[in-house]
Amino acid sequence: MNSLTKDNNNNPRYLAVKTLERISDGAYSNLQINNVIDSTKMSEKDTRLFTNIVYGVIQHRLTFEYYVSKLVKHPGKLQNWVKELLYTAIYQMIYLDKVPNRAIFDESIKIAKFRGHDGIRRLVTGVLHKIDRDGLPQITGMNAIEKQSIEASVPVWIIKQLNNQVGKAKTESILKSINQPANQSIRINIKKIEKKALVKELERIGFTVRDSEVAADALVLKDGVAAHTALFKEGFYTIQDESAMLPVQSMDIDGDDYILDTCAAPGGKTTQIAEHLTTGLVVALDLHENKLHKIMENAERMGVSENVEVHACDARKVGDIYEDNVFDKILVDAPCSGLGLIRRKPEIRYEKSLEDVEELAVVQGGILDSVATKVKVGGQIVYSTCTILNQENSKNVKDFLEKHPEFEEIKVKTDLNLQADRREDYLKIFPDDYGSDGFFIAGFKKVR
Ligand SMILES: C[S@@+](CC[C@H](N)C(=O)[O-])C[C@H]1O[C@@H](n2cnc3c(N)ncnc32)[C@H](O)[C@@H]1O
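These figures come from a predicted structure and were not determined experimentally.

Novice: Could you clarify how one ought to interpret the nonpolar core in this entry?
Specialist: Within soluble globular proteins, side chains that are nonpolar tend to cluster in buried spots. Counting residues in each nonpolar core, the largest one holds 51 residues, and the members touching the most others are Leu-246, Met-251, Ile-273 and Val-308. Looking at this core, the elements that each hand over two or more residues are helix 9 (156-166), helix 10 (168-177), helix 13 (246-249), helix 14 (268-275), strand 6 (281-286), helix 15 (292-301), strand 11 (427-429) and strand 12 (439-446). What Val-308 contacts, discounting residues up to four positions off in sequence, is Thr-270, Ala-274, Leu-281, Val-282, Ile-295, Met-296 and Ala-299.

Structure, rendered in structure tokens:
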């Protein structure tokens, strides 16, 4: 175990507290975590512990805030880093079976002493010993939704929306599933390698590999980091959630199609489209010019750059650039609140509000309206989001069909025929359905 030195550069618990302070000030968790991993010399084991603690505390933040509010006399007066330190200790005590409480206490008290003064050391020691002696405080004295919110660490407004839209039992099941670890899934580059051969290679270098229940070209990996292999660098696969593979699957692409991908960065779906093209082209747009290089980098790594063109453009203004009726297919993988990614990006739940959801729905509707004239008669638009609330999903489908009688909704098909007996044409995947991200996909055909 690391002991605290003056710079603490390699101590996973100390770094976790610092990283959590930055994230609670608004920094992105994945960027902060990657920065710390890249700029320090932690062992693989300590890197895993560091990442685990940071994500774990973010996932359970509301629960831990509640506990600390009951365990100290003046929670409002605690400095941020002391709160984060207590949360990291509580997380380890509850969720990390292999770490003995004694080690958690010693390390946490050392950090308290190093960063604070004797009073803080005494406070941290007192809180941890109280938990050890009496257990964690009961979550009581509030209504059922507030209790659910604290237990699952999900804001009340999200629970209320879900209760109204999918019912209490489904909401409960979603809440239970979102604090589980996310799957590590990859999409096979069908232009470069067959599934059987890739599985063999991955197993040879130590991965445990299984088929996905969601997407035929996906594999779910354990026991290694998919982004660190030569196979990844050489473009034999890319890292993508299983549900995120479904919008392109539903597009039924022909090799010579001319396709518009309106919200394309970092290019997960652009490269998937390009893998199906021979002489065809996918035009990938994104509002942010500085993100375009990511799309091309991915296309080059995957060996499909000849079939990809990129432009910076607000998708609500495609009318200024493209003629009407030119594209065979259009993908609108819209900017959204991302609530379907709650497992992979745990802080999303605290950052988004109902107002954001409503504002994003207006942007999404604007993009759909703007691309409607650009697809050929007989062509298709696929609309997708990685969120699970109706405002950004089925409501947009309904509004689009009302405004655009020249389109008909078509049933979304997937390679593995998911939810084949559903009543709706669109496909909704919730995070508890298969353990993949929540996603929404709808398809429209231009009939006149
Ligand atoms: C859900 S992400 C796209 C993910 C991408 N399709 C993939 O599979 O890798 C949405 C993207 O839309 C971009 N965006 C946001 N507003 C936009 C707009 N008005 N026009 C075009 N792109 C936009 C964002 O920069 C972001 O990269």
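Read on, since the account is not over.
Novice: Honestly, the site of the ligand in this entry has me stumped. Any pointers?
Specialist: Close to the ligand lie 19 residues; Gly-268, Asp-286, Lys-291, Ala-315 and Asp-333 are nearest. In the model, an oxygen atom of the ligand is placed 2.9 Å from a nitrogen or oxygen of the Gly-268 main chain. Contacts to the ligand include Leu-287, whose backbone N or O atom sits 3.2 Å from a nitrogen atom. With the chains in place, 86% of the 610 Å² that the ligand exposes on its own is no longer accessible. When grouped by side-chain class, the residues that make up the shell around the ligand number nine nonpolar, four polar and six charged.

Novice: What's the story with the side chain of Asp-314 in this structure? I'm lost.
Specialist: Considering the arrangement of structural elements, one finds Asp-314 in the loop between strand 7 (308-312) and strand 8 (327-333). A polar contact of 2.8 Å, which involves the side chain of Asp-314, links it to the backbone nitrogen of Arg-316.

Novice: Explanation requested: the packing of aromatic side chains in the structure shown.
Specialist: The geometry of an aromatic ring pair is captured by two quantities: the separation of the ring centres and the angle between the planes. Inspection of the entire model under this criterion finds twelve aromatic pairs. Measuring from ring centre to ring centre gives 6.5 Å for Phe-64 and Tyr-67, while their planes differ by 25°; the resulting arrangement is stacked. Of this pair, Phe-64 and Tyr-67 both sit in helix 4 (residues 61-71), three residues apart, which is roughly one turn of the helix. Across this residue pair, the class does not change: Phe-64 and Tyr-67 are buried. Centroid distance Phe-400 to Phe-444: 4.6 Å. Interplanar angle 50°. Geometry classified as tilted. One end of the pair, Phe-400, is in helix 18 (residues 394-403); the other, Phe-444, is in strand 12, with 44 residues separating them in the sequence. Accessibility expressed as a relative area gives 2% for Phe-400, which makes it buried. Pairwise contacts between aromatic rings join Phe-64, Tyr-66, Tyr-67 and Tyr-87 into one cluster.

Novice: Just to check I follow, could you spell out the domain arrangement of the protein for this structure?
Specialist: Buried accessible area, meaning the area lost when the parts come together, often serves as the stated size of an interface. Under the domain assignment used here, the protein contains domain 1 (12-134), domain 2 (144-177), domain 3 (184-239) and domain 4 (243-446). Of note, the centres of domain 1 and domain 3, computed from C-alpha atoms alone, are 34 Å apart.

Thresholds, definitions, all that
Residues numbered from 1 in each chain as written. Predicted model: local features only at pLDDT ≥ 70, side-chain atom pairs only at ≥ 80, totals over all residues. Heavy atoms only, no water. Core = buried A, V, L, I, M, F, W, Y, C linked by side-chain atoms within 4.5 Å. Buried < 20%, exposed > 50% of the residue type's maximum accessible area, 1.4 Å probe, protein only. Helix = DSSP H or I, 4+ residues; strand = E, 2+ residues; numbered from the N terminus. Contact = heavy atoms within 4.5 Å. Near = heavy atom within 4 Å. Polar contact = N/O pair within 3.5 Å; in protein donor to acceptor, adjacent residues only side chain to side chain. Areas by Shrake-Rupley, 256 points an atom, 1.4 Å probe, with all protein chains shown as cover. Nonpolar A, V, L, I, M, F, W, Y, C, P; charged D, E, K, R; others polar. Phe/Tyr/Trp six-rings, centres within 6.5 Å; stacked < 30°, edge-to-face > 60°. Domains from an automatic or database assignment.

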